[in-house]
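Structural overview for review
One-letter residues, chain by chain:
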Amino acid sequence: MIEVSKRIPVNAPGHPTLTRGDVWQGLVLKANNALPFVPAMTHCKVLTREDDNVFVREIEFRGERCRERITMTPQRQVEFVRLDGSVLGTILNLIEEDDDGLGLRFSFKLQLAGVADGSAEEIAYGKIVEQDYLKAVDATLAAIRKAKTARDTLIKRYYDAVDAMDLETFKSLHSQSARMTFANFPAAVGPDQIAGAIGQFWSTIGGLKHTFLNRWDHPDESILEAAVTYTRQDGQTLTLPSVAILKPDGDKVGELRVFMDVAPIYAEQERQRVPV
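This is a predicted model, so every value here is computed, not measured. Position numbers for residues count from 1 along each chain, tracking the sequence in the order it is written. Only residues with pLDDT of 70 or above have their local features reported here, since the model is predicted, and side-chain atom pairs are shown and tallied only from 80 upward, although totals for entire chains, interfaces and linings are computed over all residues. Water and hydrogen atoms were dropped before computing side-chain values, which therefore reflect all heavy atoms in the structure.

Turning next to the overall build of the protein. Helix numbers and strand numbers start at the N terminus; a helix is a DSSP run of H or I with at least 4 residues, a strand a run of E with at least 2. The helix and strand tally for the protein stands at five helices and 13 strands. The C-alpha radius of gyration of the protein comes to 25 Å, more than 25% above the 19 Å expected for a compact globule of 276 residues. Considering only C-alpha atoms, the protein reaches an extent of 95 × 40 × 30 Å along its principal axes. Accessible area is worked out with a 1.4 Å probe on protein chains only. A residue is then buried under 20% of its type maximum, exposed over 50%, and partly exposed in between. The buried share of the protein, taken over its 276 residues, is 43%. Here, two residues are considered to be in contact whenever any of their heavy atoms come within 4.5 Å of each other. For the protein, the share of sequence-separated contacts (at least 6 apart) that also reach a separation of at least 24 residues comes to 47%. Each accessible area is a Shrake-Rupley result for a 1.4 Å probe, and residues are judged covered by the shown protein chains and nothing else. Of the roughly 14,400 Å² that the protein leaves accessible, carbon and sulfur atoms contribute 53%. As used throughout, the charge tally considers Lys and Arg to be positive and Asp and Glu to be negative, leaving His and the chain termini uncounted. Where a charge lies is defined by one atom per residue type, namely NZ (Lys), CZ (Arg), CG (Asp) and CD (Glu). Within the protein, the 39 negative side-chain charges are centred at a point lying 2 Å from the centre of the 33 positive side-chain charges. For the radius of gyration, the atoms used are the C-alpha atoms, and the globule rule reads 2.2 Å times the number of residues raised to 0.38.

Attention shifts here to the sheet that holds strand E4 (residues 64-73). One open sheet accounts for seven strands, arranged E1-E7-E6-E5-E4-E3-E2; its pairing is antiparallel. Strands with a single pairing partner mark the edges of an open sheet, and in this sheet they are strand E1 (2-9) and strand E2 (41-51). The sheet shows a mean angle of 20 degrees between the axes of neighbouring strands, taken without regard to direction. A pair of strands is considered paired only if DSSP assigns at least 2 bridges between the two. Inspection of the sheet shows E4 paired to strand E5 (residues 77-82) by six bridges, in the antiparallel sense. In the strand pairing of E5, Arg69 is matched with Val81. Here the axes come from fitting lines to C-alpha atoms, over the contacting stretch only for helices, and the angles between their N-to-C directions go from 0 to 180 degrees. Most of the contacts of helix H1 (residues 20-32) go to strand E6 (residues 87-98), to which it runs at about 165 degrees, and overall it touches E2, strand E3 (54-61), E4, E5, E6 and strand E7 (101-112).

Residues Val23, Val78, Leu104 and Phe108 are the most contacted members of the largest nonpolar core, which totals 40 residues. In terms of residue count, helix H2 (residues 120-163) provides more of this core than any other element does, seven residues in total. The term nonpolar core refers to a set of buried residues drawn from Ala, Val, Leu, Ile, Met, Phe, Trp, Tyr and Cys, joined through side-chain atoms within 4.5 Å.

Moving on, we get to the packing of H1 against H2. Their axes nearest at 9 Å, the elements H1 and H2 cross at an angle of 120 degrees. Considered as vectors, H1 and H2 are oriented oblique to each other. Crossing of H1 against H2: the hand is right-handed. Residues Asp22, Val23, Gly26, Leu27 and Lys30 of H1 form the contact with H2, whose own contacting residues are Thr140, Ile144 and Lys148. An angle below 35 degrees is read as roughly parallel, one above 145 as roughly antiparallel, one from 65 to 115 as roughly perpendicular, and any other as oblique. Helix crossings get a hand from a simple test, with the near helix turned counterclockwise from the far one by less than a right angle marking a left-handed crossing and a clockwise turn marking a right-handed one.

To continue, consider the pairing of E2. Pairing geometry for E2 and E3, over eight bridges, is antiparallel. Note that in E3 the partner of Cys44 across the bridge is Ile59. Joining the antiparallel neighbours E2 and E3 is a turn of two residues.

So, about the packing of aromatic side chains. Only Phe, Tyr and Trp rings take part, Trp by its six-membered ring, and two of them pair if their centres are within 6.5 Å. Stacked means planes under 30 degrees apart, edge-to-face means over 60, and tilted covers everything else. One pass over the structure, following the stated rule, counts nine aromatic pairs. When the ring of Tyr158 is compared with that of Phe170, the centres are 5.4 Å apart and the planes differ by 45 degrees; the resulting orientation is tilted. Of the two residues, Tyr158 sits in helix H2 while Phe170 sits in helix H3 (residues 167-172), which places them twelve residues apart along the sequence. Both residues of the pair, Tyr158 and Phe170, belong to the buried class. Pairing Phe201 with Tyr230 gives two aromatic rings, centres 6.1 Å apart and planes at 80 degrees, and the pair type is edge-to-face. Residue Phe201 is located in helix H4 (residues 190-202), and its partner Tyr230 is located in strand E11 (residues 221-231); the two are separated by 29 residues in the primary sequence. The same class applies to Phe201 and to Tyr230, which are both buried. Each residue in the set Tyr158, Tyr159, Phe170, Trp202 and Phe212 is aromatic and connected to the rest through ring pairs, giving one cluster. Charge-over-ring contacts are defined here by two conditions on Lys NZ or Arg CZ: a distance within 6 Å of the ring centre and an angle within 35 degrees of the ring normal. Here the guanidinium or amino end of Arg49 rests over the ring plane of Phe55, the centre of that ring lying 4.7 Å away.

Here we come to H2. Between its first and last C-alpha atoms H2 spans 64 Å; for 44 residues at 1.5 Å apiece the expected length is 64 Å, and the two agree. Following H2 by one or two positions, Met165 adopts a phi angle in the positive range, close to 50 degrees. Multiply 1.5 Å by the residue count of a helix minus one, and that product is the helix's expected span.

This part covers the confidence of the model for the protein. Reading predicted coordinates in detail is not appropriate for stretches of low pLDDT. Of the residues in the protein, 97% have a pLDDT of 70 or more, and the chain-wide mean is 89. pLDDT measures the predictor's confidence residue by residue and takes values from 0 up to 100. The weakest mean pLDDT in the protein belongs to helix H5 (residues 263-273) at 70; the strongest belongs to H3 at 97.

A pair can form between side chains of opposite charge whenever their charged atoms are brought close. Take a side-chain nitrogen of Lys or Arg and a carboxyl oxygen of Asp or Glu: if they are within 4 Å of each other, that pair is a salt bridge. Considering all chains together, one arrives at 19 salt bridges under this definition. Residues Lys148 and Asp22 are paired through a salt bridge, measuring 3.1 Å at the closest nitrogen-oxygen approach. Here Asp22 lies in helix H1 and Lys148 lies in helix H2, a separation of 126 residues in the sequence. In terms of burial, Lys148 and Asp22 fall into one category: buried. Where Asp160 meets Lys156, a salt bridge forms, and the shortest distance between an N and an O atom there is 2.7 Å.

Here it is, written out as structure tokens:
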């Protein structure tokens, strides 16, 4: 029996800080398609699903095809059980959090068919597999960091343009099929419609500034809670709560839904216009 357990620190100097949720998203992606993460794997296909967290996949690892049963415990671990092939056993990816911070542990207990326990052949194979999985963990963390950096960069560029009311840059940050729903205004589709609708809104205010309070990232979207301070055309300011759901499309925004009530921006101005 080959048994190995290694813990890799998730956050290191010079890299974006990852949360448990960030790491979990990476593990989910790897479970469904390990090819971008495991250099020694050349085939990975989901065959059947029992539910969102349990499925069987077919892989080709070091030239041999086999099936694995995947069981995911959200935000905690992914278990891989080999169902056939010359190597049977269990592999675990476990997210740990303690005084040393966030860690990603991989461990496996594998039995090589036809090879005696403790033999030189088993020991040599164990070292190869250990190196393969170390590379897989490193590749997984690298991919998660890359995705996190790309998401951070897009959100910052997008809201820098919004807060500067830079319409040309704002327009350029939407994909051709982008869709936006802002407050109670009709949905706008495509960069031209989106820029036209938001440009019209911006023409009614003196300025705005987002202060982000919370952010929740998912593989295909980010949820952003913000306090938005608006400057009215009369120079007065007010701050309103806002929640936005932003879906990237490559390095651009593919969809944005903003939930907020903008009526208070105009309420005082309208009262001032009413004759006494």
